[in-house]
Amino acid sequence: MERSQITITIALISIALFTISIFGFAIGFANDNDATMSITDDPNVAQLNLDTNSNISTFKEDSEDTYQSILDTTIEPGSGVAQSTGSFSISVGNIVGVVKNIVYLPYQTIFGGGSGFGIFFTTFLAFLVFFVGLLIYKTLRGNP
Amino acid sequence: MFLDYLYNLPNSTEGIDAIALETINIFPGFVPMLLLFIFLVVFIGGSTRQKITRGSGDYAAWAVIASIATLLPALLFSITAGFIQLDWLIIVVSLNILSAIWFFLDKRVTEV
């Protein structure tokens, strides 16, 4: 579980880019071939497409601002090192919102927006807790 | 009658589309089951084969490959009316996204 912030950020960006590309491919396929139905007929998908695109563009502006702040960093003569490392951090807030939006689509389509998703998620979390507990036990006491 | 059909036979002179559409009208679960068949063949076949040859199967990557292999016939079905419902098309796209989330958050990706 030794995941760094950069690894997580890259994974989240990759998820968002994959979602945009799959949507782009499906929408473009429907347009090119005059298909009788397109995935944008569903309001959830159309909204998610807009949200993901705007989240990615916000992230791009954020990272450009951060990079500009790195370029603008000045070190006074004799002061040693830079006082703050704030210029080296990229805000992950917007990009986490991407995944929240993206997970909302399976929640609506596969589980119908009902309590089924909660049951699925609770079971999945319970499995993770059990798995981590077993891992800790095996690390301390060996194979049960 | 000696040979009593359970359903009306489709008109074969209208092309193979009519036969497929008539089959789907009689049994609406035909397309979802076909898509599930494609997904499971690629997913189980690929990951099992990789596990035999390399010792460990990359299940997340095969889930992505299998869901993309499912998306392509689903998109082809969407060209003609009556083949696939919009709900199933959206579910296939959602499956793509879910498997991509699994793949990109998988620990194995960081080891590349």
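Residues numbered from 1 in each chain as written. Chains lettered and ligands numbered in written order. Predicted model: local features only at pLDDT ≥ 70, side-chain atom pairs only at ≥ 80, totals over all residues.

**Thoughts on the overall build of chain A**
For clarity, the cut-off: A helix here means a DSSP run of H or I that spans at least four residues, while a strand means a run of E at least two residues long, and both kinds are numbered starting from the N terminus. Two residues qualify as being in contact provided that their C-beta atoms, derived from the backbone, are within 7 Å of each other.
Helices and strands together make up the secondary structure of chain A, namely four helices and zero strands. Counted from the first residue to the last, chain A has its helices and strands arranged as α-α-α-α. Taking the intrachain contacts of chain A between residues at least 6 apart in sequence as the baseline, contacts between residues at least 24 apart amount to 68%.

**With respect to the environment of B:Ser99**
All names here are of chain B. Counted only if it meets this: Using C-beta atoms placed from the backbone, we call a residue buried if 20 or more other C-beta atoms fall within 10 Å of its own, exposed if 12 or fewer do, and partly exposed for counts in between.
For Ser-99, the position within the fold is in helix α4 (residues 86-104). Classification of Ser-99 by C-beta neighbours within 10 Å gives buried; the count is 24. Contacts of Ser-99, omitting those with residues within four sequence positions, involve Ala-63, Val-64 and Ser-67.

**A few points about the interface of chain B and chain A**
What counts, and what does not: Residue type decides the class: Asp, Glu, Lys and Arg count as charged, Ala, Val, Leu, Ile, Met, Phe, Trp, Tyr, Cys and Pro as nonpolar, and the leftover types, Gly among them, as polar.
In this assembly, 19 residues from chain B lie in contact with 23 residues from chain A. Residue contributions to the side of chain B that touches chain A peak at twelve residues, all from α4(B). The residue makeup of the side of chain B that touches chain A, split by class, is 14 nonpolar, five polar and no charged.

**Some details on the packing of helix α2 (residues 30-54) of chain B against helix α3 (residues 59-77) of chain B**
Residues and elements named next belong to chain B. Note the cut-off: Fitted lines through C-alpha atoms serve as axes, helices being fitted only where they are in contact, and the angles separating the N-to-C directions of these axes extend from 0 to 180 degrees. Working definition: roughly parallel below 35 degrees, roughly antiparallel above 145 degrees, roughly perpendicular at 65 to 115 degrees, and oblique for all remaining angles. We call a crossing left-handed when the near helix sits turned anticlockwise from the far one by less than a right angle, and right-handed when that turn is clockwise.
Between α2 and α3, the least distance of the axes is 8 Å, while the angle of their chain directions is 150°. By the criterion of interaxial angle, the relationship of α2 to α3 is roughly antiparallel. When you trace α2 past α3, the crossing you get is right-handed. Within the contact between the two elements, α2 uses Val-31, Leu-35, Ile-38, Phe-39, Val-42, Phe-43, Gly-46 and Ser-47 and α3 uses Tyr-59, Trp-62, Ala-63, Ile-65, Ala-66, Ser-67, Ala-69, Thr-70, Pro-73, Ala-74 and Phe-77. Looking at the contact of α2 with α3 residue by residue, the class counts come to 15 nonpolar, four polar and no charged.

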